[in-house]
Every structure is written in C-alpha cells, then in structure tokens.
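Secondary and tertiary structure notes
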Amino acid sequence: MAGKTKFDSPLEASSNYHPCAPSPYDALRTQAVDTAVNMGYDYDSLAEIPIDWSSDQDPNNHVSNPIYAKYASTANMRLFESFSTVMGDKYADMLRGKAIGPVLKGYTYNLKRPAAYPDSMLVGNRLSDMRSDRYFTTTTIWSMRQQAVVAECAGWVVFVDFATGRPADLLKAGEPYCALYAQIKEKVEKANALHAEWEKSHPPKRPVSQL
C-alpha cells in the first residue's frame, strides 16, 4: 500500500481548500490526472473533491461508504455536461426531464482501501461500451495523498424517453441524438484503446484475491 504524503503542518495538509496558495497538492493532482487519463478515463468527466471533515467521515474517521456514491455522482454529472457540445438547445430539456435523457440504472461498488481527511478525491469515468440506448462505464475514485484507487464503481446508464418512460434508441431518434451516440462511441473507442495499452504496460503484480 502506498504511504500517505507527509505535510509540514495541519494547515498545509488542508491546503487543497485554499483557492490560490501554493500547495503540495499541485504535484499530487498533476500525477493523479495524468495517471487517470493514461488509463482511459474521460478527461471531461474528471472532478476533484476535497474530503469534508464534518460530513464525509464515519465515527472511525474514514470516508463513509455512502459518500463514495456522492463523489461518483459528481463525475457522472460532468460527463453529462460534456454532452452539451453536441446537444445544443436539447441539453436543457435533457436536464429538465424532457424529451430524451440519461438515467442511471445500476452500479456495483468495490471499496478498495480507506480514505480520510485531509485529502482530495479525484473522480473520473472510463466508458467501456456504447449501445444504441445505453452506455457502460466505470467510475473510479483516487486518493491524491495515497496516489491510489480507493473505490471503483461499475454500472450503466440508459437513455430514456421521458414521455413514455421507456429506453430510447438514439440512432432512431434523429438529431442531435445521433450526434450524441457518435460522441459517446468515440469516447468509448478512445478509452478502450488507452486502457488496453495501460494494462499491457502495467500487468498485475500478483493475482487479485477474492473475498
């Protein structure tokens, strides 16, 4: 397990909250982002979330399990916001539950190691498959201090016609939905190529144990 970054003072350890002061998190952030992008995580979806000492932790001073869902939601929303580049005026309708929009249908969480304040979480989505009415994604959460994955969430999002409540085939829905399908498909292909290259150059050091 990677050791935590050492800080010279408690104030320096929470310097990720300061809007402009030089901080050890600058280098940690750059390293974490570079790693995420090289692993195939979508640059547009990346989000940095400082751990909130008062609301994110359990009585053991570790990030509480439900909080990881909140972190993942932030990256999911940023991915949705990247759709605006091809959605035009329909993007506002999508957010208001009109016409066609994405609905989270399922997630499986794998909590890998504890995280605690002070720290910042880097969260991002790696798209792995695109079908005409849904996409599959892995949302991963890194601890910047540990420079390691602390949680991983695998799931899928379905595009739903809000008028009928049923899945919508983007390729049959006309524009801008065909353009949205093409945009996500391109993201998937890029992510899979980068992830395959990362896996090839970073083979597992030992078999993953099963709990």
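Rules of the game
Residues numbered from 1 in each chain as written. Predicted model: local features only at pLDDT ≥ 70, side-chain atom pairs only at ≥ 80, totals over all residues. Heavy atoms only, no water. Helix = DSSP H or I, 4+ residues; strand = E, 2+ residues; numbered from the N terminus. Rg over C-alpha atoms; globule rule 2.2 N^0.38 Å. Buried < 20%, exposed > 50% of the residue type's maximum accessible area, 1.4 Å probe, protein only. Contact = heavy atoms within 4.5 Å. Areas by Shrake-Rupley, 256 points an atom, 1.4 Å probe, with all protein chains shown as cover. Core = buried A, V, L, I, M, F, W, Y, C linked by side-chain atoms within 4.5 Å. Phe/Tyr/Trp six-rings, centres within 6.5 Å; stacked < 30°, edge-to-face > 60°. Expected span 1.5 Å × (residues − 1). Salt bridge = Lys/Arg side-chain N within 4 Å of Asp/Glu carboxyl O.

Each helix and strand in the chain was counted, giving six helices and six strands. The C-alpha atoms of the chain give 19 Å as radius of gyration, which agrees with the globular expectation for 211 residues (17 Å, within 12%). Along the longest, intermediate and shortest principal axes, the C-alpha atoms of the chain span 60 × 35 × 35 Å. A total of 211 residues make up the chain; the buried ones form 42% of that total. A sequence separation of at least 24 residues applies to 68% of the contacts in the chain between residues at least 6 apart. Counting only carbon and sulfur atoms, one obtains 53% of the accessible surface of the chain, whose full area is about 11700 Å².

Counting residues in each nonpolar core, the largest one holds 19 residues, and the members touching the most others are F83, M130, Y135, F159, L170 and I184. Elements with a contribution of two residues or more to this core: α3 (65–82), α5 (90–95), β3 (120–130), β5 (148–161) and α6 (177–201). When residues in this core are grouped by element, the largest group, five residues, is from α6. Beyond its immediate stretch of four places on either side in the chain, F83 contacts M94, Y135, F159, L180, Q183 and I184. If you look at the next biggest cluster of nonpolar residues, it comprises 14 residues, including L28, A32, Y41 and W142.

Inspection of the secondary structure puts T138 in strand β4 (residues 134–143). Here T138 is in contact with Y41, G124, N125, R126, E152, C153 and A154, once residues within four sequence places are set aside.

In this section: the packing of aromatic side chains. Centre-to-centre distance and the angle between the planes together describe a pair of aromatic rings. Tallied over the full model, the rule gives nine aromatic pairs. Relative to W142, the ring of Y41 lies with its centre 4.9 Å away and its plane at 80°, an arrangement referred to as edge-to-face. In this pair, Y41 sits in the loop between α2 (25–38) and β1 (47–50) while W142 sits in strand β4, placing the two residues 101 residues apart along the sequence. Assigned by exposure class, Y41 and W142 land together as buried. For the pair F83 and Y135, a centre-to-centre distance of 6.3 Å together with 85° between the ring planes defines the contact as edge-to-face. Pair noted here: F83 is in the loop between α3 and α4 (84–87) and Y135 is in strand β4, with a separation of 52 residues, a long-range link.

Right, let's get into unusual backbone geometry. Here the amide bond leading from Y117 into P118 is cis, since omega sits at 0°, within 30 degrees of zero. With a phi angle near 60°, A99 is a residue other than glycine that sits in the positive phi range. The topology assignment puts A99 in the loop between α5 and β2 (100–111).

It is worth spelling out α3 at this point. Taking 1.5 Å per residue, 18 residues should reach 26 Å; α3 reaches 27 Å between its end C-alpha atoms and fits that length. Those residues of α3 that fall on the buried side of the exposure criterion are I67, Y68, Y71, A72, A75, N76, L79, F80 and S82.

As a further point, take the side chain of S82. Mapped onto the elements of the fold, S82 is located in helix α3. Judged by relative accessible area, which is 8%, S82 ranks as buried. Every residue in contact with S82, bar those within four places of it in the chain, is listed here: D44, Q183 and K187.

Here the structure, examined in full by the defined rule, presents seven salt bridges. Residue R131 is joined to D129 by a salt bridge in which the shortest nitrogen-to-oxygen separation is 3.2 Å. By relative accessible area, R131 is classed as partly exposed at 44%. Of the charged contacts in the structure, one is a salt bridge between R134 and D133, with a shortest N-O distance of 3.0 Å. On the accessibility criterion, R134 (22% relative accessible area) is partly exposed. Judged by relative accessible area, which is 15%, D133 ranks as buried. Taken together, the shared-partner salt bridges connect D26, R29 and E48 into one network.

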